[in-house]
Amino acid sequence: MSGGLKQIILQVASRLEITDTVDEYFRLFVKSAGISPDRADWIALSIREAVNNAILYGNKQDPSKTVEIEMEAGEEGGTAMIRIWDEGEGFDIGNLPDPTKEENLLRPHGRGIFLIRQFVDDVRFTCRNPKGFGIELLIVKGKS
Amino acid sequence: MSGGLKQIILQVASRLEITDTVDEYFRLFVKSAGISPDRADWIALSIREAVNNAILYGNKQDPSKTVEIEMEAGEEGGTAMIRIWDEGEGFDIGNLPDPTKEENLLRPHGRGIFLIRQFVDDVRFTCRNPKGFGIELLIVKGKS
Amino acid sequence: MKFEVLEKGDVTLMNIGGRITLGSGDIKMRDKLLEQLDKGKKKIVLDLGEVSFIDSAGLGELVAAYTSARRHGAQVKLANLTKKIDDLLDITRLSSVFETFDSADDAVKSF
Amino acid sequence: MKFEVLEKGDVTLMNIGGRITLGSGDIKMRDKLLEQLDKGKKKIVLDLGEVSFIDSAGLGELVAAYTSARRHGAQVKLANLTKKIDDLLDITRLSSVFETFDSADDAVKSF
Ligand SMILES: Nc1ncnc2c1ncn2[C@@H]1O[C@H](COP(=O)(O)OP(=O)(O)O)[C@@H](O)[C@H]1O
Ligand SMILES: Nc1ncnc2c1ncn2[C@@H]1O[C@H](COP(=O)(O)OP(=O)(O)O)[C@@H](O)[C@H]1O
């Protein structure tokens, strides 16, 4: 934990407009968590992708369903963790087509998870009770 | 809930410097929650008082202890709720001297809870398991 | 989002500004482009110099622009990429799909 | 936090700027004031015009300034309150404790 902030949790309705609000909170979080500013834009993009997916696929844009974003600052010089939870069933993550393969290049979709994997240091998928699918983005704070 | 943000939860270490960080998050929250801007400064002061008390008295400035700040946006035009939790035992809230009484006017302390009561629409004290004392600030969003 | 359509000889130059992201900008770009394709325009340059931000949905729209154009026998080229968009095209290998130019002028002349 | 001490005849004018809050500004104000009291100053004006923010600990420091001065046979007056600080003094009834003035000049002349 750096500067005293340990964790922020945001609970938001499943509406696509909310990603901008989440972004504003992330920008504040970056300052307290000691994430390198040159990475912030790319991590912000990763969070947008994950939040959009949670809203679209996890919660099917049902505004009564909640998306929860946890941002954990972690130790100074250690790792920060960002988790995006939805109320859905998740999906078969082993089975995503690689968007950079020749035959997929002209598909208009399927680049979200791929981009996330490029910009954060580790991605994990996880579930919780009673129901909830989560994607966990790990950020090694020393890296730039 | 307004604009899609339902709730923010901040978990912070028990260090006095953290109140400025909490304030920054509150300023963002004000925008999403639809709290009238002319009240924001006074509610911000109330939050500072409650967070300082949680750090000083609840957690005795032990930085390993956590203060948790929940900001719940509530329905549009309804009430917002802000809860400040510490890991302490609480205190006898019925027994606080009135700082505006003649005999207390020259005391340097004892104005925090009094100020909070002036600026928010209701104050409740509450406990939770396994341990934790909370002060709950209710804000009627229509009021200015 | 900003859209400005200029005729440069037989080349259509579209100056795009703002964000191309899911739910904002993406659909609009598609509509504006189809309008030009329906008019029979065959040579199209998208000037992205003032695009502040793009996400995977925005990248998808660029790809859709490319394929719609091809279906109409037209061609889309990109100009004036910011460093961030350039990086995104590289990372997603879309740089192998698009012809990109440093300036709108260069792109217009290249047809 | 800003502290500036000016001599106006036998009146000590302290221009205070920034925040007077728990852990920042509060202790410093106390020290600066005691310094003046120890020098034997008896007439003190605190100009709060540039104080951006004050909390209950800051109000407590103002009270402590008042009582320390009294113990030294000195007097503290306040000048140039912002609307917010004025409201806080009213709400806490500290306006009945302090003599307050619209300008530092008025406060200095009032002794
Ligand atoms: N939170 C989620 N819940 C359920 N399915 C998901 C979730 N996130 C992603 N997916 C699935 O993974 C696929 C790939 O997602 P992504 O790489 O972001 O690309 P896109 O959103 O463009 O399809 C989605 O089409 C969807 O089927
Ligand atoms: N979170 C808390 N846990 C335990 N005691 C508290 C807490 N908040 C306030 N108190 C008690 O209530 C008293 C009054 O608090 P307050 O009105 O803020 O004035 P001050 O902090 O200046 O004493 C404190 O001195 C303390 O004894």
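Predicted, not measured: the structure shown is a model, and the values here were computed from it.

Participant: Help me get a handle on the overall build of chain C, residues and values and all.
Facilitator: If you tally the helices and strands in chain C, you get four helices and five strands. Sequence-ordered secondary structure for chain C, helices as α and strands as β, is β-β-α-β-α-β-α-β-α. By the compact-globule yardstick of 13 Å for 111 residues, chain C fits well, its C-alpha radius of gyration being 12 Å. Structurally, chain C occupies a C-alpha span of about 30 × 25 × 25 Å along its principal axes. Of all 111 residues assigned to chain C, the portion counted as buried reaches 50%. Sequence separation of 24 or more characterises 69% of the internal contacts of chain C that already satisfy a separation of 6 or more. When the accessible surface of chain C is split by element, carbon and sulfur atoms take 45% of a total near 5000 Å².

Participant: Got a sec to walk through the nonpolar core? Specific residues and values, please.
Facilitator: The biggest cluster of nonpolar side chains holds 72 residues, and the ones touching the most others in it are Phe29 and Ile82 of chain A together with Phe29 and Ile82 of chain B. Excluding residues that lie within four positions of it along the chain, phenylalanine 29 of chain A makes contacts with Leu5, Ile8, Ile35, Met71, Glu72, Ala73 and Ile82 of chain A together with Tyr25 of chain B. Formed by 35 residues, the second largest nonpolar core is a distinct cluster that contains Leu37, Ala65, Leu94 and Phe98 of chain D.

Participant: Please provide a residue-by-residue account of the side chain of threonine 66 of chain B, values included.
Facilitator: Mapped onto the fold, threonine 66 of chain B is located in strand 2 (residues 66–72). Polar contacts involving the side chain of threonine 66 of chain B include one to the side chain of lysine 6 of chain A, which spans 2.6 Å. Sequence-distant contacts of threonine 66 of chain B, defined by excluding residues within four places in its chain, comprise Lys6 of chain A together with Gln11, Val12, Ser14, Asn59, Trp85, Asp86 and Glu87 of chain B.

Participant: Report on the interface of chain B and chain A, specifying residues and quantitative values.
Facilitator: On the chain A side, the residues contacting the 25 residues of chain B number 25 residues. When the two sides are added together, the surface that chain B and chain A hide from each other amounts to roughly 2000 Å², 52% of it contributed by carbon and sulfur. Here lysine 31 of chain A and glutamate 24 of chain B are joined by a salt bridge, their closest N and O atoms 2.9 Å apart. Between chain B and chain A we count 15 residue pairs in polar contact (both at pLDDT 80 or more) in total.

Participant: Go over the side chain of asparagine 15 of chain D, please, and point to the residues and values.
Facilitator: You can see asparagine 15 of chain D is positioned in strand 2 (residues 11–20). With sequence-adjacent residues up to four places away left out, asparagine 15 of chain D is seen in contact with Lys2, Phe3, Glu4, Leu6 and Asp47 of chain D.

Participant: Now, about the relation of the copies chain B and chain A: what can you tell me, with residues and values included?
Facilitator: Under the fitted operation, chain B is carried onto chain A by 0.0 Å of movement along the axis and a turn of 180°, and the coordinates agree to an RMSD of 0.0 Å. Put plainly, the chains are arranged around a two-fold axis. No C-alpha of chain B approaches the rotation axis more nearly than that of isoleucine 9 of chain B, which lies at 2.4 Å. By residue overlap, the copies meet face to face through one surface: 100% of the interface positions of chain B are interface positions in chain A.

Participant: Talk me through the environment of glutamate 7 of chain C; I want residue IDs and the actual numbers.
Facilitator: Residue and element names in this part refer to chain C. Locating glutamate 7 in the fold gives a position in strand 1 (residues 2–8). Sequence-wise, glutamate 7 and glycine 58 are 51 residues apart; in three dimensions their C-alpha atoms are separated by 24 Å. Filtering out sequence-adjacent residues up to four positions away, glutamate 7 remains in contact with Thr12, Gln36 and Lys41. A polar contact is formed between the side chain of glutamate 7 and the side chain of lysine 41, at a distance of 3.2 Å.

Participant: Could you give an account of the site of ligand 1, naming the residues involved and the relevant values?
Facilitator: Residue and element names in this part refer to chain A. Asn53, Tyr57, Asp86, Gly110 and Ile113 are the nearest of the 14 residues found near ligand 1. Compared with its free state, where it exposes 530 Å², ligand 1 has 80% of that area covered by protein. Looking at the shell around ligand 1, the elements with two or more residues in it are helix 2 (37–58) and helix 3 (112–119). Ranked by the residues each element gives to the shell around ligand 1, the list is headed by helix 2, at four residues. Each residue belonging to the shell around ligand 1 can be placed in one class, and the counts come to six nonpolar, six polar and two charged.

Participant: Describe the interface of chain B and chain D, listing the residues and the values that go with them.
Facilitator: The accessible area lost on association of the parts is a frequent measure of interface size. Taken together, the 21 residues of chain B in the interface contact 21 residues of chain D. Across the chain B/chain D interface, buried area totals approximately 1800 Å², and carbon plus sulfur atoms make up 69% of it. Area buried by chain B at its contact with chain D is led by Trp42, Leu106 and Arg111 of chain B, which between them contribute 31% of it. Scanning the region where chain B abuts chain D turns up two salt bridges. In this structure, aspartate 41 of chain B and lysine 84 of chain D form a salt bridge, with 2.8 Å as the shortest nitrogen-oxygen distance.

Participant: Explain the sheet that holds strand 3 (residues 43–54) of chain C residue by residue, including any values.
Facilitator: Residue and element names in this part refer to chain C. Here we have five strands laid out as an open sheet, ordered 1-2-3-4-5, and mixed in their pairing. Looking at which strands have only one partner, the edges of the open sheet turn out to be strand 1 and strand 5 (100–101). By the bridge criterion, five bridges tie strand 3 to strand 4 (residues 75–79) in an arrangement that is parallel. Among the inter-strand pairings, isoleucine 44 is bridged to a residue of strand 4, identified as valine 76.

Participant: Summarise the site of ligand 2; cite the residues concerned and give the values.
Facilitator: Residues and elements named next belong to chain B. Residues in close proximity to ligand 2 total 14 residues, the closest being Asn53, Tyr57, Asp86, Gly110 and Ile113. Here an oxygen atom of ligand 2 and a side-chain polar atom of asparagine 53 are 2.7 Å apart. Separating an oxygen atom of ligand 2 from a side-chain N or O atom of tyrosine 57 is a distance of 2.7 Å. Taking 530 Å² as the accessible area of ligand 2 by itself, protein coverage stands at 81%. For the shell around ligand 2, the elements supplying multiple residues, two or more each, are helix 2 (37–58) and helix 3 (112–119).

Participant: Which residues make up the packing of helix 1 (residues 18–33) of chain B against helix 2 of chain B, and what values do they have?
Facilitator: Residues and elements named next belong to chain B. Packing of helix 1 against helix 2 leaves a shortest axis separation of 10 Å and a crossing angle of 145°. Handedness of the helix 1/helix 2 crossing: right-handed. Contacts from Ile18, Thr19, Asp20, Val22, Asp23, Phe26, Arg27 and Val30 in helix 1 reach Ala40, Asp41, Ile43, Ala44, Ile47, Arg48, Val51, Asn52 and Ile55 in helix 2. By residue class, the composition of the contact of helix 1 with helix 2 is 10 nonpolar, two polar and five charged.

Rules used throughout
- Residues numbered from 1 in each chain as written.
- Chains lettered and ligands numbered in written order.
- Predicted model: local features only at pLDDT ≥ 70, side-chain atom pairs only at ≥ 80, totals over all residues.
- Heavy atoms only, no water.
- Helix = DSSP H or I, 4+ residues; strand = E, 2+ residues; numbered from the N terminus.
- Rg over C-alpha atoms; globule rule 2.2 N^0.38 Å.
- Buried < 20%, exposed > 50% of the residue type's maximum accessible area, 1.4 Å probe, protein only.
- Contact = heavy atoms within 4.5 Å.
- Areas by Shrake-Rupley, 256 points an atom, 1.4 Å probe, with all protein chains shown as cover.
- Core = buried A, V, L, I, M, F, W, Y, C linked by side-chain atoms within 4.5 Å.
- Polar contact = N/O pair within 3.5 Å; in protein donor to acceptor, adjacent residues only side chain to side chain.
- Buried area = accessible area lost by both parts, 1.4 Å probe.
- Salt bridge = Lys/Arg side-chain N within 4 Å of Asp/Glu carboxyl O.
- Least-squares fit on C-alpha atoms with pLDDT ≥ 70 in both.
- Near = heavy atom within 4 Å.
- Nonpolar A, V, L, I, M, F, W, Y, C, P; charged D, E, K, R; others polar.
- Pairing = 2+ DSSP bridges.
- Axes fitted to C-alpha atoms, helices over the stretch in contact; angles between N-to-C directions.
- Left-handed = near helix turned anticlockwise from the far one by under 90°.

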